[in-house]
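If you want the building blocks of each chain, they are given just below.
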Amino acid sequence: MQELADRVWANPRFREAAARIQRSWISRELGSTPSDSPGNPEDAARIMQAAAVLACSATPEHRRLAYRAATAAYELVGTDILPLEQALRVVLGRLGNFPAFQTRADVDRALADMPPLLVAEELALSDDRRVMLRDKPFFLTAFQYDLWDRLGKGRRVAVAAPTSAGKSFVLQNHLVRLYDGDTDRTVVYLVPTRALIAQVSQDLASIFSQDPKGRPEILTVPTEPDVALSKRSICVMTQERMQLMLGAHPDFSADVVIADEAHSIADGSRGVLLQWVVDDLLRRRPDAQLLFASPGIRNLEVFGRTFGLDDIERMPSSEPTVAQNFLSVRIVSARGGLVSVHSVEPGGHETQVSEIVIGHTLASRKEMLVHVSAALGKGAANIVYANGAAEAEDVALQLSELLKEREATPDREALAQLAAESVHGSYVLAECVRHGIAFHYSTIPTQVRQAIEKAVSDGVVDFLVCTSTLLQGVNLPARNVFMCKPEKGRTHPLEATDFWNLAGRAGRLRREFQGNIFLIDYEAWKVKPLDQPRDSVIVPAIETGVTDRRTDLVATITRDGPQLRDDPDVETIFVRLFDDLERGDLSKTMDRFHTAGIDPVATGEIATALIGAATEITLPAHVLRRSPSISPHKQQDLYRVLERMAAGDRAKARALIPAHPRESGAYDSYAAVLKLCNMHLVGLPETDRRHRFQALMATFWMSGEPLPRIIERQIIRGGAEAKSRKIIRDVLDAIEKIVRFEAVRLLSCYCGVLLQLFEDIGMPDLATSVPPISLYLEVGASDRTMISLIAVGLSRASAAILNDAAVDKNMDVAAAKNWLKTRPLEVYGLSPLLLEEANRIAREC
């Protein structure tokens, strides 16, 4: 069969026919008349026969063309004359892509009409890919089955696979399998963003709700030290939250550790922390099963080397479950709105497939994005990539104006109401979603982002304007993806890895066979990602810091030379290596650096600097570890300042304790603390006043203040000339960057150092009065009941409303679950989508 496949591949007539029918398929997608013959049954039959042979090949290029040609022939020619649905099922079965049967109903039911020999062939093939999930048979792709099999055998695995490969489906059902008995076990599921915490935890809750017997507790928020841990739990957390969890529970360990989007180990201070958390989990449980999952990594061996393990099996996969077409949109006449669309083949060859009159001026980049996507994305689910939150709103507004004749359906109206209730009445999202348009960026509150994602999946919204947030693992594919000179951050062209990650969103398994990526004005792009590899080589952030920033690192450790005011990337490496020194693990870490090819002279210089620093730093390692992105020297400086302020006096020491967020003097307390932190941890001058705004926002947030009220205050403060759209974005940005990042970082360090001071000066009883500020800032609540409601899965908006209604403000998680199950939730004034969320959580409790 391989020899026959090679002969088919070498046949120029087949290649020409396959290219011709693909061009015709794309022309039909664009709503234009194909320049080639649209195909006839005889051509389709020959293409299907050739595809059935190529599907048996071991060569990836053969298999990709088999899929593309067969699906195009089926969709273009139809099934009126020939049973192409049966032929396509044969091709898909030989490719091992059994989930794709469900894309079209006639393909899914075609088995009953197929010849006996082909039925027997499929049954034999599918039997090797059949698994039982909750007493139901499921058929997996070859990649999915291989992953399922290895995980079931307890192997440690590093996976690199396209977005559409279906690894999340396997992974989540593997967790169901793990809890299918009475065995106690704990799973840690590490994700890079809060958006993914929400998505993964909700997906798991939905899966386990189908079979509630033995269901584990799903934790998304670190629990306080006095809270007993469940013996059967799944902790879905970012590395920051997991680090808090490990600090609060010294005896906590995990049987299984999953690092989703594991390539983020290369991302600065957060990458260092991710590696550190996994190392800590392995220190506590050396035999834990590990899974590292990423979209496109060439050097999967990096994980074994980084963690000093030789048993991590590598599973690369480049075979997607849907085909993707790259279409270059050239501006022929900007004034007349004339464009030509070219299919870009592997290797860069382009073929024009259509010329289309858009009917609008296409002079600016924004005009191109708006009008091209509106014209070519009709009747399909579309993702439009924007360079930043402000542009995402602009593009969505213009799209909604173009489509203003659309009706506001009940589902769209419910989403608009949620946006107004959760953010602000003037939030522009509310107007956009009424016309089926939405935007998506990182600072949008979680419950609104989830509702947007569900609306896109359900077809309520068909145009989603997104930023780079969508690159961070959120599973939200669409039929079409539109890009025009894409950037990540300010003025930085989208890197090849991110481009291919975003392109992987085009095409939805079980919904369509092919997806389209429209590259608008591609000739003018600064970087041509199609010319670059689809996978990338990653280097852990700690190794990058030790090599590329060695001078800065040594200067930070020794305090010699010019001092950087605030450098979390370098300071996190310092804390990590200093912790290794204190644990006696530094030589092991340095050996791993040497294995990675790092010069021993460089590591020797760093080790010498660390040993010198140890003579000046008296704070215990566990205190320094609580603030991993702040230099040990700075933490020691803060300790000395607090020691002088306490002066051994109990009243003065007590005055250093931050107030509870609901106390009347909370703002003044936080302002004073943050001023100290900014001076001694960040290096700001005493005259700097930013601590006042930090304290104000932190107080509002921790006290459970509704976001619309916080925003309204800022709008009033801005006066008549204030632009509400910008103020709303600024407040959302402040909540994420100032409150949930910078304030968490500084106040966590302050409290950790303060607790150690109380221990050292013989006043350990004062420690019980120090509130868990980091937790309050992370979740946006300080009442135990509201925190527990968030912990069981409710959004902050829902939790705030229900917390106000509850008499008991001190419920733990178990009591909160019982309260949810027994209360008439419809009487508390929740909007339709928030009520739907609350009822779903109550059912799952």
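So, here is what we can say about the structure in this document. (Residues numbered from 1 in each chain as written. Predicted model: local features only at pLDDT ≥ 70, side-chain atom pairs only at ≥ 80, totals over all residues. Heavy atoms only, no water.)

**Brief notes about the overall build of the chain**
Worth spelling out the cut-off: The helix count covers DSSP runs of H or I at least four residues long, the strand count covers runs of E at least two residues long, and both are numbered beginning at the N terminus. The size measure is the radius of gyration over C-alpha atoms, and the globule rule it meets is 2.2 Å times the number of residues to the 0.38 power. Burial classes: relative accessible area under 20% of the type maximum marks a residue as buried, over 50% as exposed, and values in between as partly exposed (1.4 Å probe, protein chains only). The contact rule is simple, with two residues in contact once any of their heavy atoms fall within 4.5 Å. Computed with a 1.4 Å probe, the accessible areas rest on the Shrake-Rupley method; for each residue, only the protein chains presented here act as cover. In this tally Asp and Glu are treated as negative and Lys and Arg as positive; neither His nor the chain ends contributes. Note on charges: their place is set at NZ of Lys, CZ of Arg, CG of Asp or CD of Glu.
In terms of regular secondary structure, the chain is built from 36 helices and 17 strands. The C-alpha atoms of the chain give a radius of gyration of 28 Å, which matches the 28 Å a tight globule of 845 residues would have. Each principal axis of the C-alpha distribution contributes one length, and for the chain these read about 95 × 60 × 55 Å. Taking all 845 residues of the chain together, the buried fraction comes to 57%. Counted over contacts in the chain with a minimum sequence separation of 6, partners at least 24 positions apart contribute 71%. When the accessible surface of the chain is summed, it comes to about 34300 Å², and 50% of that surface belongs to carbon and sulfur atoms. Here the chain holds 99 positive side-chain charges and 110 negative ones, and the gap between their average locations is 1 Å.

**Comments concerning the environment of Ala797**
Note on placement: Ala797 falls in helix α34 (residues 796–805). Overall, Ala797 belongs to the buried group, its relative accessible area being 19%. Once the C-alpha coordinates of Ala797 and Arg550 are considered, the two residues, 247 residues apart in sequence, prove to be 45 Å apart.

**As for the nonpolar core**
Burial of nonpolar side chains together is a common tendency in soluble globular proteins. Basically, it comes down to this: Only buried residues count toward a nonpolar core, which is a set of Ala, Val, Leu, Ile, Met, Phe, Trp, Tyr and Cys residues joined through side-chain atoms within 4.5 Å.
With 251 residues, the main nonpolar core has Phe303 and Phe439 as its most contacted residues. Per-element accounting of this core gives the leading share, 18 residues, to helix α31 (residues 724–760). Apart from the residues lying within four places of it in its own chain, the contact partners of Phe439 are Ala392, Glu393, Ala396, Tyr427, Val428, Leu429, Cys432, Ile444, Ile452, Leu464 and Val465. With 34 residues, the next largest nonpolar core counts Leu147, Ala165, Val191 and Leu204 among its residues.

**Observations concerning helix α35 (residues 813–822)**
As a reminder, the rule being used: Directions from the helix axis toward the C-beta atoms define the arc. N or O atoms closer than or at 3.5 Å make up a polar contact, with two conditions inside protein: a donor-capable atom paired with an acceptor-capable one, and, for residues adjacent in sequence, both atoms drawn from side chains.
Residues of α35 that are buried include every one of Ala816, Trp819 and Leu820, and no others. Down the axis of α35, the smallest arc covering the buried residues is 100 degrees, so these residues share one side. Those residues of α35 that are exposed and angled more than 90 degrees off the buried face are Ala814 and Thr822. Contact partners of the buried residues in α35: α33 (784–791), α34 and α36 (832–844). Where α35 begins, the side chain of Asp812 points an oxygen toward the backbone nitrogen of Ala814, at a separation of 3.3 Å.

**Let's talk about the packing of α33 against α34**
To keep it simple, the criterion reads: For helices, the fitted line uses only the C-alpha atoms of the stretch in contact; every axis is such a line through C-alpha atoms, and the angle between N-to-C directions lies from 0 to 180 degrees. Just so you know how the angles are binned, under 35 degrees is roughly parallel, over 145 roughly antiparallel, 65 to 115 roughly perpendicular, and the rest oblique. Left-handed describes a crossing in which the near helix is turned anticlockwise from the far one by less than a right angle; the clockwise case is right-handed. Amino acid classes used here: Ala, Val, Leu, Ile, Met, Phe, Trp, Tyr, Cys and Pro are nonpolar; Asp, Glu, Lys and Arg are charged; the rest, including Gly, are polar.
Relative to each other, α33 and α34 sit at 140 degrees, their axes nearing to 9 Å. With respect to each other, α33 and α34 are oriented oblique. In the packing of α33 onto α34, the handedness of the crossing is right-handed. Where α33 abuts α34, its residues Thr785, Met786, Leu789 and Ile790 lie against Arg796, Ala799, Ala800, Leu802 and Asn803. Residues that form the contact of α33 with α34 fall into these classes: six nonpolar, two polar and one charged.

**Observations regarding the environment of Pro832**
Residue placement: Pro832 occurs in helix α36. Sequence separation of Pro832 and Leu418 is 414 residues, and the distance between their C-alpha atoms is 8.0 Å.

**Structural notes on the sheet that holds strand β11 (residues 338–344)**
Heads up, the condition is: We call two strands paired when DSSP finds no fewer than two bridges between them.
Taken in spatial order, the eight strands line up as β12-β11-β10-β17-β16-β13-β15-β14 in an open sheet, and their pairing is mixed. The open sheet is flanked by β12 (350–357) and β14 (437–440), the only strands paired with a single partner. Across the sheet, the mean angle from the axis of one strand to that of its neighbour is 25 degrees, orientation sign disregarded. Where β11 lies against β12, seven bridges are found, and the strand directions are antiparallel. Among the inter-strand pairings, Ser343 is bridged to a residue of β12, identified as Thr351. The sheet strands contacting helix α14 (residues 365–376) are β10 (323–333), β12, β13 (382–385), β15 (463–466), β16 (480–483) and β17 (514–520), and the helix crosses β16 at an angle near 160 degrees. Where helix α18 (residues 446–458) meets the sheet, it contacts β14 and β15, and its direction lies at approximately 135 degrees from that of β14.

**Quick notes on the pairing of β10**
Successive side chains on a regular strand alternate, one facing one side of the sheet and the next facing the other. As defined by bridge partners, β10 adjoins β17 across seven bridges and the pair is classed as parallel. Bridging from a neighbouring strand, Val329 pairs with Ile520 of β17. Here β10 runs beside β11; their pairing, made up of seven bridges, is antiparallel. The residue of β11 that forms the bridge with Phe326 is Val344. Remark: four residues form the turn of the hairpin made by β10 and β11, two consecutive strands paired antiparallel; Gly337 in that turn has positive phi of roughly 70 degrees.

**Some points on the environment of Glu401**
As for its placement among the helices and strands, Glu401 is situated in helix α15 (residues 389–402). In sequence terms Glu401 and Trp9 are 392 residues apart; their C-alpha atoms lie 48 Å from each other.

**Topic: the packing of aromatic side chains**
As a reminder of what qualifies: Within 6.5 Å between ring centres, the rings of Phe, Tyr and Trp (the latter by its six-membered ring) count as paired, and their orientation is classed by plane angle as stacked under 30 degrees, edge-to-face over 60, tilted in between.
One pass over the structure, following the stated rule, counts 17 aromatic pairs. Summarising the aromatic geometry, the rings of Tyr179 and Phe208 are spaced 6.1 Å apart at their centres and angled 80 degrees between planes, so their arrangement reads as edge-to-face. With a gap of 29 residues between them, Tyr179 in the loop between α9 (167–178) and β4 (185–190) and Phe208 in helix α10 (residues 194–209) connect regions that are remote in the sequence. We note that Tyr179, like Phe208, is buried.

**Section: the packing of helix α26 (residues 632–646) against helix α28 (residues 666–682)**
If you want to describe how two helices pack, look at the angle between their axes and the distance between the axes. Contact pair α26 / α28: the axes reach a minimum separation of 8 Å and the direction vectors enclose 135 degrees. Here α26 is positioned oblique relative to α28, judged by the angle of their axes. Where α26 crosses over α28, the handedness of that crossing is right-handed. In this structure, α26 contributes Lys634, Gln635, Leu638, Val641, Leu642 and Met645 to the contact, and α28 contributes Leu676, His680 and Leu681. When grouped by side-chain class, the residues that make up the contact of α26 with α28 number six nonpolar, two polar and one charged.

**Observations regarding the sheet that holds strand β8 (residues 289–294)**
Within a sheet, adjacent strands bond to each other through the backbone by hydrogen bonds, running parallel or antiparallel. Taking strand neighbours across the sheet as the criterion, the seven strands line up as β5-β6-β4-β7-β8-β3-β9 in an open arrangement whose pairing is parallel. Sheet topology places β5 (217–219) and β9 (312–316) at the edges, where each strand pairs with a single neighbour. Neighbour to neighbour, the strand axes of the sheet diverge by 15 degrees on average, direction disregarded. Note: strand β3 (residues 156–160) against β9, five bridges, orientation parallel. Paired with Arg156 across the bridge in β9 is Ile312. Together, β3, β4, β6 (232–237), β7 (256–260) and β8 form the strand contacts of α9, whose direction differs from that of β4 by roughly 160 degrees. Against the sheet, α10 touches β4, β5 and β6, its axis set at about 155 degrees to β6.

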